[in-house]
Amino acid sequence: MKFVILDVYPQENHRLIKDTAGGYGTGNNFGKNLFSKLLNVYVDNKIGMPAMEIMYISSILKKDHKVHYSRKFDDPEIIDADFIILPSSIIAHETEINTLEKLKDKRIFVTGIFSNILKDKYEKKNTVVIKNESDTFFYNLQKSGKLNTEFLLSIFDDPKLINQFYSPVNLDDFPFPDWKNYSKNYPLRNDFFGLKEKIAIPILATRGCPYSCFNYCTYPLQQGRKVRARSVQNIVEEIKYWQNKIGCNKFVFRDPVFSINRKHTINLCNEIINQKLNIKFMVETHLNNMDDEMIKLLKNAGLELIYVGVESSNHVVLEDMKRFTIEHDKQYEIIKKCEDAGIIVKTMFIIGNPEDTEETINASIQYSKYLPSLYAQFSVFTPYPGTPVYGDFKELINVKELEKFNQYNLVFKHKNLSAEKIEKLKSSAYIKFYLNFKKIFQVLRYFLRSKYV
Ligand code: SF4
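Owing to the predicted nature of the structure, the values given are computational and were not obtained by experimental measurement.

Participant: Tell me about the sheet that holds strand E6 (residues 83–87), and please be specific about residues and values.
Facilitator: The five strands are arranged E5-E1-E6-E7-E8 in an open sheet whose pairing can be described as parallel. The sheet is open, and its two edges are formed by strand E5 (66–70) and strand E8 (127–129), each paired on a single side. Averaged over all pairs of adjacent strands, the angle between their axes in this sheet comes to 20°, without regard to strand direction. Bridge analysis of strand E1 (residues 2–6) against E6 gives three bridges, and the strand direction is parallel.

In structure tokens form, the structure reads like this:
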């Protein structure tokens, strides 16, 4: 059989990525002023990848079948494909629906958690929406021996047949994602550590997040609230596999909260150190999981960059979001220790939170400058369909196009702030954070160090 993975996106002048925001995706539109536009181009050129799930599926199918990955809805490979697989997202929702309509004569499996949330939009005569983690479905289907044309066609007549393929899979049993094939035609752009290496392999060590911010976050929708981890041996095996296959020593851990399981993280770091893997990697984690021991160990294992959610400097705003956080002094202390140890920190802030005012947002921007992190990101609070908080905002949503729900636009009528005001505050946040002597000196020092050390 021949499968075409058809991964479509709208035309935008900023980065669009479906792997982030729990598979809903994000579109990094930093704003309309010159500096924001330059940032849009920089990030679009430097960082890009498809959803990891789809690369797992590609590996599973490739065992016995042909798989072609494409971003063009008119790709000639589609003509003789037996089945299409279309990864869903909120950031490309309308484009995906248009594509489904254009390919009425094809049988299409739609994957990704967003198509489960908006099932009525994705369910058509010629589509089957795969539930939850779609790699689990395809893995079980392949293992059952039913991954053949006849059975797949019968699913389109009776979609309930998919229900038998959801038994939990030990994460070690999945094949490694199909990056080798993908990177032949599309650049795996992950050039955010410095100037020396251009790509980094995305890697998933754990799935799931139990934190209280599931109220507004989409990761628990996609992966559940229970943490599931691959064995240390399996992760190390994958690292060595990519080192040997494509000579890549740089990795991006895409776990929602890396180091959530302390013992597992310590074992993984020790194994990386003991086996002298000599890698560089980045993670996203919670500041609460970092202390002297972890900072030292992670640095020795090769940690270069860490993303941490700060969200807001205001406790009322944070409490309303049900965001568990640590005190300001402690945040400063941990970030400083990381930066002093040579681990770059990127703090992530959200503006336009339900209780935000212009004053609280300006205070968060000031706080971001006070914190000693090299980088900061300011996105916009987005009530996503499917999250618990969505019910509170449903009636206030004033943006119809779901592709605009990219985490960088205000999509609801905020009680204190207009969309224009949020747009200005977002743009000015980036200018205030990056365009000052202290930051320019800090960034230059980092780039010179990474170039020559
Ligand atoms: S820590 Fe909160 S924001 Fe981060 S993945 Fe978990 S639920 Fe989402």
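Participant: Kindly report on the side chain of histidine 65, identifying the contributing residues and their values.
Facilitator: Mapped onto the secondary structure, histidine 65 falls in the loop between helix H2 (52–62) and E5. Overall, histidine 65 belongs to the buried group, its relative accessible area being 15%. At 3.3 Å, the side chain of histidine 65 forms a polar contact with the backbone nitrogen of methionine 1. Not counting the four nearest positions on each side in its chain, histidine 65 is found in contact with Met1, Phe3 and Leu147.

Participant: Tell me what's going on with the packing of helix H15 (residues 358–370) against helix H17 (residues 419–434), and back it up with residues and numbers.
Facilitator: Where H15 contacts H17, the axes come no closer than 10 Å and their chain directions differ by 15°. As the angle between them shows, H15 and H17 are arranged roughly parallel. By crossing handedness, the relation of H15 to H17 is classed as right-handed. For the pair H15 and H17, contact is made by Glu358, Ile361, Asn362, Ile365, Ser368 and Lys369 and by Lys421, Ile422, Leu425, Ser428, Ala429, Lys432 and Phe433, respectively.

Participant: So what about the nonpolar core? Which residues, and what values?
Facilitator: In this structure, Ile85, Phe109, Phe138, Trp179, Phe253 and Phe281 are the most contacted members of the largest nonpolar core, which totals 149 residues. Here this core takes seven residues from H2, the largest share from any one element. Among the domains, domain 1 (2–171) and domain 2 (191–452) are the pair contributing at least three residues each to this core. What phenylalanine 253 contacts, discounting residues up to four positions off in sequence, is Ile203, Ala205, Ile235, Phe258, Leu268, Phe281, Met282, Val283 and Glu284.

Participant: Residue-level account of the pattern of salt bridges, with values.
Facilitator: The tally for this structure, following the rule as stated, stands at 22 salt bridges. Its salt-bridge partner being arginine 230, residue glutamate 238 comes within 2.8 Å of it at the nearest N-O pair. Owing to a relative accessible area of 4%, arginine 230 belongs among the buried residues under this scheme. Ionic pairing is found between lysine 330 and glutamate 333, a salt bridge with its closest N-O pair at 3.9 Å. Of this pair, lysine 330 and glutamate 333 both sit in helix H14 (residues 328–340), three residues apart, which is roughly one turn of that helix. Judged by relative accessible area, which is 34%, glutamate 333 ranks as partly exposed. Each of Glu133, Asp135, Arg207 and Arg228 takes part in a single network of salt bridges with overlapping partners.

Participant: Which residues make up the pairing of strand E7 (residues 108–111), and what values do they have?
Facilitator: With burial as the criterion, each face of E7 is covered, one bearing Ile108 and Val110 and the other bearing Phe109 and Thr111. Direction of pairing for E6 relative to E7: parallel, over a ladder of four bridges. Bridging from a neighbouring strand, proline 87 pairs with threonine 111 of E7. Tracing the backbone out of E6, into helix H3 (residues 93–102) and back to the parallel element E7 gives a crossover that is right-handed.

Participant: Could you give an account of the sheet that holds strand E17 (residues 375–380), with specific residues and numbers?
Facilitator: Here six strands make up an open sheet; going across it, the order is E10-E13-E14-E15-E16-E17 and the pairing parallel. In this open sheet, the two strands that pair with only one neighbour each are strand E10 (201–203) and E17. Here the strands of the sheet are splayed against their neighbours by 20° on average, with no regard to which way each runs. Packing of H15 onto the sheet brings it into contact with strand E15 (303–311), strand E16 (344–351) and E17, and relative to E16 it is tilted by some 180°.

Participant: Provide a residue-level description of the site of the ligand, including the pertinent values.
Facilitator: With respect to spatial proximity, the complete set of residues near the ligand consists of Cys209, Tyr211, Cys213, Phe214, Cys217, Tyr219, Pro220, Pro256, Val257 and Arg323. Grouping the amino acids of the shell around the ligand by side-chain chemistry returns nine nonpolar, no polar and one charged.

Participant: Can you explain H17? Please cite residues and give values.
Facilitator: Spanning 16 residues, H17 covers 23 Å between terminal C-alpha atoms, matching the ideal 22 Å at 1.5 Å per step. Among the residues of H17, those classed as buried are Ile422, Glu423, Leu425, Lys426, Ser427, Ala429, Tyr430, Phe433 and Tyr434.

Participant: Give me the lowdown on a nonpolar patch on the surface, citing residues and values where you can.
Facilitator: Judged by side-chain polarity, Ile431, Leu435, Ile440 and Leu444 come together as a nonpolar surface patch covering roughly 330 Å² of accessible area. The topology assignment puts isoleucine 431 in helix H17.

Participant: Give a description of the domain arrangement of the chain that names residues and reports values.
Facilitator: According to the domain assignment, the chain consists of domain 1 (2–171) and domain 2 (191–452). In this structure, domain 1 and domain 2 have C-alpha centres spaced 25 Å apart. For the pair domain 1 and domain 2, the two sides together bury roughly 3300 Å², of which 58% comes from carbon and sulfur. Together, Phe35, Glu133 and Leu171 form the three largest contributors to the area buried by domain 1 at its contact with domain 2, with a combined 19%. Run the count over domain 1 and domain 2 and you get four salt bridges. Across the salt bridge formed by aspartate 135 and arginine 207, the nearest N and O atoms sit 2.9 Å from each other. At the surface where domain 1 touches domain 2, the tally comes to 14 residue pairs in polar contact (both at pLDDT 80 or more). The set of elements that each furnish at least two residues to the side of domain 1 that touches domain 2 consists of strand E3 (26–28), helix H1 (34–46), H2, H3 and helix H4 (113–117).

Rules used throughout
- Residues numbered from 1 in each chain as written.
- Predicted model: local features only at pLDDT ≥ 70, side-chain atom pairs only at ≥ 80, totals over all residues.
- Heavy atoms only, no water.
- Pairing = 2+ DSSP bridges.
- Helix = DSSP H or I, 4+ residues; strand = E, 2+ residues; numbered from the N terminus.
- Axes fitted to C-alpha atoms, helices over the stretch in contact; angles between N-to-C directions.
- Buried < 20%, exposed > 50% of the residue type's maximum accessible area, 1.4 Å probe, protein only.
- Polar contact = N/O pair within 3.5 Å; in protein donor to acceptor, adjacent residues only side chain to side chain.
- Contact = heavy atoms within 4.5 Å.
- Parallel < 35°, antiparallel > 145°, perpendicular 65-115°, else oblique.
- Left-handed = near helix turned anticlockwise from the far one by under 90°.
- Core = buried A, V, L, I, M, F, W, Y, C linked by side-chain atoms within 4.5 Å.
- Domains from an automatic or database assignment.
- Salt bridge = Lys/Arg side-chain N within 4 Å of Asp/Glu carboxyl O.
- Right-handed = clockwise from strand over helix to strand, strands pointing away.
- Near = heavy atom within 4 Å.
- Nonpolar A, V, L, I, M, F, W, Y, C, P; charged D, E, K, R; others polar.
- Expected span 1.5 Å × (residues − 1).
- Patch = residues over 30% accessible without salt bridge, like charges linked within 9 Å, V, L, I, M, F, W, Y side chains within 5 Å.
- Areas by Shrake-Rupley, 256 points an atom, 1.4 Å probe, with all protein chains shown as cover.
- Buried area = accessible area lost by both parts, 1.4 Å probe.

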